[in-house]
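Close look at the chain arrangement
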Amino acid sequence: MSPSLFAGFTKSLAMTALSEIGDRTFCVAAILAMRHPRNLVLAGCVASSVVMTLISSSLGWAAPNLISRKWSHHVTTILFFVFGILSLWESYKEDGDSDDELEEVEAELDADSNNKKSESKHKPKDDDDSKKHQRPFLIRFFSPVFVKAFSITFFGEWGDMSQIATIGLAADENPLGVVLGGVIAQALCTTAAVLGGKSLASKISEKMVGLLSGALFLVFGVMSLLSGPEG
């Protein structure tokens, strides 16, 4: 593995793991795995994470072609410092109780499930049969559980700190290394959530994870600042 590929891989692996462990999508995977077949939940969440990582890394890879590498490097450095400070500040304000987010996510999933059940009760059977034939091919092909896990994870990750950081990292490091590190970290975190379930999610200190990820972002910022655009 070349130094550039290794640097992108290790940074992406560490950043993604600390950003995703115990976060909202981690809790979603844990709760879904308690209600549905684990293999479908795992497949949906991992597939979504792979797609999101590929999109983010592609955007980061294209950035130096749109603006100069010097400026993309400076923007990435600033993002690392900003995200590091934000993570530390949010962790400082945290009360350390990870059960609150678990309960909030579980309540939202219950509300969504109840709404769908209520709607299905009021629909005539003929309408349900006709809509089954009108469903898009992908939704008919994949299991509803897979589609649910995929969509919740995808839209939950879209635009969050880890996605933007991945774009910046891919603009400054080897994009292939960033993809490999991000995908492996996402797969490991999702597997832990699916296998460990709610008990694991409730034991993770969100405050500590936030402090560690904030410190990691600041370390990356300092490394980026010292290395320069060509580093």
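Here the structure is a predicted model, which is why all the values come from computation and not from measurement.

**Considering the overall build of the protein**
Each helix and strand in the protein was counted, giving 11 helices and zero strands. Start at the N end of the protein and walk to the C end: the helices and strands fall as α-α-α-α-α-α-α-α-α-α-α. Here the protein holds 231 residues, and the buried ones make up 38% of them. Within the protein, contacts between residues at least 6 apart in sequence are counted, and of these 93% link residues at least 24 apart. With the model as given, the accessible surface of the protein reaches about 12500 Å², and the carbon-plus-sulfur share is 66%.

**Looking at the nonpolar core**
In this structure, F26, V28, A29, A30, L32, A33, V41, C45, V145, A149, A193 and V194 together form the largest nonpolar core, which totals 12 residues. Put simply, the parts of the chain that give this core at least two residues each are α2 (24-35), α3 (38-66), α8 (144-157) and α10 (175-203). Sorting elements by how many residues they give to this core places α2 first, with six residues. Apart from residues no more than four positions distant in its own chain, A29 is found in contact with V41, C45, T190, A193 and V194. In terms of nonpolar packing, the next biggest core, distinct from the first, is built from 10 residues, A165, L216, F217 and F220 among them.

**Overview of the side chain of S224**
Looking at the element boundaries, S224 is found in helix α11 (residues 206-227). Under the relative-accessibility criterion, S224 is labelled buried at 2%.

**Here we look at the UniProt feature "transmembrane region" (unreviewed entry) in the protein**
In the numbering used here, UniProt assigns the feature "transmembrane region" (unreviewed entry) to residues 40-59, 71-89, 137-156, 176-196 and 208-226. Along residues 40-59 the backbone is 100% helical and 0% strand, and the end-to-end C-alpha distance reaches 29 Å. Secondary structure within residues 71-89 divides into 100% helix and 0% strand; the distance between the first and last C-alpha atoms comes to 27 Å.

**Some thoughts on the side chain of S48**
Structurally, S48 can be placed in helix α3. When neighbours within four sequence positions are excluded, S48 is seen to be in contact with F150, T153 and F154.

**Observations concerning the environment of V219**
Tracing the backbone shows V219 in helix α11. Along the primary structure V219 and F81 are separated by 138 residues, whereas in three dimensions their C-alpha atoms are 8.6 Å apart.

**Things to note about the packing of α3 against α8**
Following both chains from N to C, one finds α3 and α8 inclined at 35°, their axes separated by 7 Å at the closest point. α3 and α8 meet at a crossing whose hand is right-handed. Along its contact with α3, which presents L40, V41, A43, G44, C45, A47, S48, S49, V51, M52 and I55, the element α8 presents V145, F146, A149, F150, T153, F154 and E157. Each residue belonging to the contact of α3 with α8 can be placed in one class, and the counts come to 13 nonpolar, four polar and one charged.

**Concerning the packing of aromatic side chains**
The full count for this structure, using the stated rule, is seven aromatic pairs. Within the aromatic cluster, the residues linked to one another by ring pairs are F146, F150, F154, F155 and W158.

**As for the packing of helix α4 (residues 69-93) against helix α9 (residues 161-172)**
Helix packing geometry: the angle between the two helix axes and the distance between the axes. Viewed as axis vectors pointing N to C, α4 and α9 meet at an angle of 150°, and their least axial separation amounts to 9 Å. One element, α4, and the other, α9, form an angle in the roughly antiparallel class. Between α4 and α9 lies a crossing of left-handed hand. Here R69, S72, H73, T76, L79, F80, F83, L86 and S87 of α4 lie close against α9, whose contacting residues are M161, I164, A165, G168, L169, A171 and D172. Residue classes in the contact of α4 with α9 are distributed as nine nonpolar, five polar and two charged.

What counts as what
Residues numbered from 1 in each chain as written. Predicted model: local features only at pLDDT ≥ 70, side-chain atom pairs only at ≥ 80, totals over all residues. Heavy atoms only, no water. Helix = DSSP H or I, 4+ residues; strand = E, 2+ residues; numbered from the N terminus. Buried < 20%, exposed > 50% of the residue type's maximum accessible area, 1.4 Å probe, protein only. Contact = heavy atoms within 4.5 Å. Areas by Shrake-Rupley, 256 points an atom, 1.4 Å probe, with all protein chains shown as cover. Core = buried A, V, L, I, M, F, W, Y, C linked by side-chain atoms within 4.5 Å. UniProt positions renumbered as here; feature names shortened; annotations may be inferred. Axes fitted to C-alpha atoms, helices over the stretch in contact; angles between N-to-C directions. Left-handed = near helix turned anticlockwise from the far one by under 90°. Nonpolar A, V, L, I, M, F, W, Y, C, P; charged D, E, K, R; others polar. Phe/Tyr/Trp six-rings, centres within 6.5 Å; stacked < 30°, edge-to-face > 60°. Parallel < 35°, antiparallel > 145°, perpendicular 65-115°, else oblique.

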